[in-house]
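# Inside the fold
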Number of protein chains: 2
Amino acid sequence: MARKTKAEAAATREALLDAAEDMFMEHGVARTSLEQIARQAGMTRGAVYWHFKNKGDMFRAMLERVHMPFQDLVDEIEALEHDVSSLEAIRLACLQGLERFEQHPRARRVHAILVHRCEFFSDIDPIAMQQEIADECRDSLYQHLLISQQQQMLADDLTPEVATDLLQSMLSGLFHEWIRDPDRFSIYDRGVPLVNQLIGMMHRSTPAARADR
Amino acid sequence: MARKTKAEAAATREALLDAAEDMFMEHGVARTSLEQIARQAGMTRGAVYWHFKNKGDMFRAMLERVHMPFQDLVDEIEALEHDVSSLEAIRLACLQGLERFEQHPRARRVHAILVHRCEFFSDIDPIAMQQEIADECRDSLYQHLLISQQQQMLADDLTPEVATDLLQSMLSGLFHEWIRDPDRFSIYDRGVPLVNQLIGMMHRSTPAARADR
DNA sequence: TGTTTTACATTCAATTGTGTATGGAAACGC
DNA sequence: GCGTTTCCATACACAATTGAATGTAAAACA
């Protein structure tokens, strides 16, 4: 076969990853062969083995295309905390995260694959990856809820530990319910009232809890 | 090979399912061959193909050994609702559910396999199964939270819809965090304060929210 | 412009898993 | 007690993938 331009080669690499996403999503990771991926991209397995070491390497590359923006959210909290209260910053960061999930279809698909379309294989451990993401999110929430408590924002009977577990569990559950079938409902539309309500209930006895629904 | 007694045959069937659980849990469903399962049980594939049609049939049989006791929980709510308030009945049913998860290691393992160790194959769709379980739980919660609202138990700014989403998301998230690595923490120990806190916050302005931790 | 490297396609060897067919001895029904 | 059925082991044929080896024409480079 004729050699391609560097730009063309990069394009086929992207096309292969796109095809991998398609086939992984449709048939699951284990049930899709490298030939199916190659044919979906209009190539042969030769192209796949040129750009990637094997299926595991391809999977890893697919994940690396969607950078997990959790640290970005933390940074946004940080930037906001100078203007608004810490609890309010957390609330806005959660809403921002929901919105982001909704608006990046590639990130949505890759997360769906990671959670529901693959079991571990070769040296890929999706559960460990999910663990890592969840822990990162959890630690971040805890740090900021600790600040909220120090600022006397949390309700009397609410410890930052329980508050963290509550928020993290709720967000995690919402995510899992949604990612199971993202077309069933909008994670943003369902999530906004939940976040507002829960954060509102966490506030220190401000009877006029705001639930803008 | 010599024919076995009916009791012995039933025992090997159970042994095969035990072995399947072990291997599915350890290597994932897709990566375990029927021969691995047979050898783990001290048998050959002949035994497997005698008792089951194929891997999918075996998987289904494995799931059928653990009856999902969600309707039992609903019934327990029903039985309790004559004595205590509806919200209190929901709270107790949630705690009961957590306890049950903790205490049945087989159910725990099978759920872990269903969620994290398999993608769909042949005519098995684990996501649809999880969907079914979640919907059943959600519907049940909603029905009873509707009663709570009619009994004027819910906080003014809390609709039964949002309350349902909150509780269900929180429970689902807690479950997913736990099932990812059940040895990391006790779902009961972490769940009890969460349920108590959340249900407590849902109550209609009873300032003395109870958080027994 | 000539040489080297790149970006694939094609082919091949080897492995792995599946489903089925066959066999055999003991348990079961009568 | 005898035929039949059951429970499982063994053997075989078949398809599906994989990884690597080889081929090749054009791009990149000097």
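Reading the values: rules and limits
Residues numbered from 1 in each chain as written. Chains lettered and ligands numbered in written order. Predicted model: local features only at pLDDT ≥ 70, side-chain atom pairs only at ≥ 80, totals over all residues. Heavy atoms only, no water. UniProt positions renumbered as here; feature names shortened; annotations may be inferred. Helix = DSSP H or I, 4+ residues; strand = E, 2+ residues; numbered from the N terminus. Least-squares fit on C-alpha atoms with pLDDT ≥ 70 in both. Salt bridge = Lys/Arg side-chain N within 4 Å of Asp/Glu carboxyl O. Buried < 20%, exposed > 50% of the residue type's maximum accessible area, 1.4 Å probe, protein only. Polar contact = N/O pair within 3.5 Å; in protein donor to acceptor, adjacent residues only side chain to side chain. Contact = heavy atoms within 4.5 Å. pLDDT = per-residue confidence, 0-100. Domains from an automatic or database assignment. Buried area = accessible area lost by both parts, 1.4 Å probe.

## What to know about the UniProt feature "DNA-binding region" (unreviewed entry) in chain A
Within the UniProt annotation, "DNA-binding region" (unreviewed entry) is assigned to residues 33–52 of chain A. Between the first and last C-alpha atoms of residues 33–52 of chain A the distance is 14 Å; the span itself is 70% helix and 0% strand.

## Notes on the relation of the copies chain A and chain B
Rotating chain A by 180° about the axis while translating it 0.0 Å along that axis superimposes it on chain B, leaving an RMSD of 0.1 Å. In the structure described here, the two chain copies are related by an operation that fits a two-fold rotation axis.

## Points about the pattern of salt bridges
Tallying each qualifying case throughout the model produces 30 salt bridges over all chains. For E21(A), the salt bridge goes to R106(A), with nearest N and O atoms at 3.7 Å. Here the residue E21(A) occupies a position in helix 1 (residues 6–27), and R106(A) occupies one in helix 7 (residues 105–116), the gap between them amounting to 85 residues. Classification of R106(A) as partly exposed rests on a relative accessible area of 35%. Two residues, E21(B) and R65(B), come together in a salt bridge whose shortest N-O distance is 3.1 Å. With E21(B) in helix 1 (residues 6–27) and R65(B) in the loop between helix 4 (55–64) and helix 5 (70–80), the pair connects residues that are 44 residues apart, well separated along the chain. The two residues E21(B) and R65(B) agree in class, both being buried. Each of E14(A), D18(A), E21(A), D22(A), R65(A), R106(A) and R109(A) takes part in salt bridges that share partners, so that together they form one network.

## Describing the side chain of Q131(B)
For Q131(B), the location among the structural elements is in helix 8 (residues 126–150). Of the residues examined, Q131(B) reaches a relative accessible area of 12% and is grouped as buried. Here the side chain of Q131(B) touches R184(A) through a polar contact of 2.8 Å, side chain to side chain. Ignoring anything within four residues of it in the chain, the contact list for Q131(B) reads R180(A), D181(A) and R184(A).

## Points about the confidence of the model for chain A
Residue and element names in this part refer to chain A. Looking at chain A as a whole, its pLDDT mean stands at 89, while 91% of the residues score no less than 70. Here helix 5 (residues 70–80) stands out as the least confident element of chain A, with mean pLDDT 67; helix 2 (residues 34–40) is the most confident, with 98. Here residues 206–213 is a poorly scored stretch, pLDDT under 50, and it has eight contacts once near neighbours within four places are set aside; other chains count.

## Considering the domain arrangement of chain A
Residues and elements named next belong to chain A. According to the domain assignment, chain A contains domain 1 (6–64) and domain 2 (66–202). In this assembly, 14 residues from domain 1 lie in contact with 15 residues from domain 2. Between domain 1 and domain 2 the total buried area reaches about 1500 Å² when both faces are included, carbon and sulfur atoms providing 62% of it. Together, E21, M25 and L63 form the three largest contributors to the area buried by domain 1 at its contact with domain 2, with a combined 41%. For the pair domain 1 and domain 2, the interface holds five salt bridges. The partner of D18 in a salt bridge is R106, with the nearest N and O atoms 2.9 Å apart. There are eight residue pairs in polar contact (both at pLDDT 80 or more) connecting domain 1 and domain 2.

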